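Residues per chain, in single letters:
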Amino acid sequence: MAYPVPGTREPFLATRRQDAWWVVPLAMATTFIVFIAYASWAAFQPVEYSKFGPYISPFFSPDLTRFIPGFTWSPALLILWVPAGFRLTCYYGRKAYYRSVALSPSACAVGKGDRDYKGERALPWVLNNLHRYFLYLVTVLVIFHWIHFFDAFRFNDGWGMGLGNIVVAADTIFLTLYVFSCHSLRHLVGGKIDCYSCAAAGVTRHKIWTGVSSLNNLHNVYFWCSLFTVGFADVYVRLCAMGVWSDVRFF
Ligand code: FES
């Protein structure tokens, strides 16, 4: 049967495409599922495996339990909802999981069946409009990542550098690039302005908007790099703390 048949919807996953269009959505869905399963598991592991020397797993940093006396659950539970909400409401993230997980549609020119896209006007998708507020919260998290980046050079025997510092640096840098290439941030700094030369601080705002716009071109790349590096930072610290891996100390 040839698709599309005029006046009908293409059946679910029906397509005339001959290329391996399914590879990217399959790889994305697998990555999402593995990451969410791992992060959920890691959040409930003993807290002593979240630290090794000066390194702290990004899933557990900052430790907010000190501000909540009597909180005996995992400190990760106080943190993880922020980056999780930020990623789930991310404009690129939505495209990625609408295609790969919801299969709606899974790729260009691939049928999605009878399911209609009704916009982000009702629960649960209307919650995606909270993205800007998650941006504010995650910006605070970026500051803590940089504080930890510098603290991670302070070993028990003085200043030094190990392989873990490179792991921490990769996580911190890619998280920063991901957050500062955000579409909402781009709108926030310059999206509402029609005339920069007429607006207050217009020249400065135009410079910031140009910088965010240029980062924004690679937002999808930063999304994935940041996801991999934050996950690997937790794996690295955890396996070092468990004695499975040894941190290589350069000096
Ligand atoms: S649009 Fe992706 S983080 Fe804001």
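This section reports on the structure supplied with the text. (Residues numbered from 1 in each chain as written. Predicted model: local features only at pLDDT ≥ 70, side-chain atom pairs only at ≥ 80, totals over all residues.)

## Side note on the packing of helix α3 (residues 81–89) against helix α5 (residues 131–151)
- α5 packs onto α3 with a crossing angle of 135 degrees between their chain directions and a minimal axis gap of 9 Å. Viewed along their axes, α3 and α5 adopt a mutual orientation that is oblique. In this structure, α3 meets α5 at a crossing whose hand is left-handed. Along its contact with α3, which presents Val-82, Pro-83, Gly-85, Phe-86 and Thr-89, the element α5 presents His-131, Phe-134, Leu-135, Leu-137, Val-138 and Leu-141.
- The residue inventory of the contact of α3 with α5, partitioned by class, reads eight nonpolar, three polar and no charged. (Axes fitted to C-alpha atoms, helices over the stretch in contact; angles between N-to-C directions. Helix = DSSP H or I, 4+ residues; strand = E, 2+ residues; numbered from the N terminus. Parallel < 35°, antiparallel > 145°, perpendicular 65-115°, else oblique. Left-handed = near helix turned anticlockwise from the far one by under 90°. Contact = placed C-beta atoms within 7 Å. Nonpolar A, V, L, I, M, F, W, Y, C, P; charged D, E, K, R; others polar.)

## A few points about helix α9 (residues 219–241)
- In this model α9 runs 33 Å from its N-terminal to its C-terminal C-alpha over 23 residues, within 8% of the 33 Å that 1.5 Å per residue would give.
- Two residues or fewer after α9 comes Gly-243, characterised by a positive phi angle close to 85 degrees. (Expected span 1.5 Å × (residues − 1).)

## Looking at the environment of Asp-151
- Counting through the fold element by element, Asp-151 comes out in helix α5.
- Here Asp-151 falls in the partly exposed class, since 13 other C-beta atoms lie within 10 Å of it.
- In sequence terms Asp-151 and Asn-165 are 14 residues apart; their C-alpha atoms lie 9.8 Å from each other. (Buried ≥ 20, exposed ≤ 12 C-beta atoms within 10 Å, placed from the backbone.)

## Here we look at the nonpolar core
- Tyr-55, Tyr-178, Ala-233 and Val-237 are the most contacted members of the largest nonpolar core, which has 31 residues in total.
- Taken together, the elements giving at least two residues each to this core come down to β2 (55–56), α2 (76–79), α6 (163–180), α8 (202–216) and α9.
- In terms of residue count, the dominant contributor to this core is α9 (nine residues).
- Tyr-178 has contacts with Tyr-222, Phe-223 and Ser-226, leaving out every residue within four places of it along the chain. (Core = buried A, V, L, I, M, F, W, Y, C linked by C-beta atoms within 7 Å.)

## Description of the packing of helix α1 (residues 23–43) against α9
- Running from N to C, α1 and α9 point in directions that differ by 40 degrees, and their axes come no closer than 11 Å. Between α1 and α9 lies a crossing whose hand is left-handed. Packed against α1, whose contacting residues are Phe-35, Tyr-38 and Ala-42, the element α9 presents Leu-227, Gly-231, Asp-234 and Arg-238 at the interface.
- Taken together, the residues that form the contact of α1 with α9 break down as four nonpolar, one polar and two charged.

## As for the environment of Phe-232
- Following the sequence through the fold, Phe-232 ends up in helix α9.
- Sequence spacing of Phe-232 and Ala-43 is 189 residues, and the spatial spacing of their C-alpha atoms is 14 Å.

Keep in mind these values describe shape, not function.
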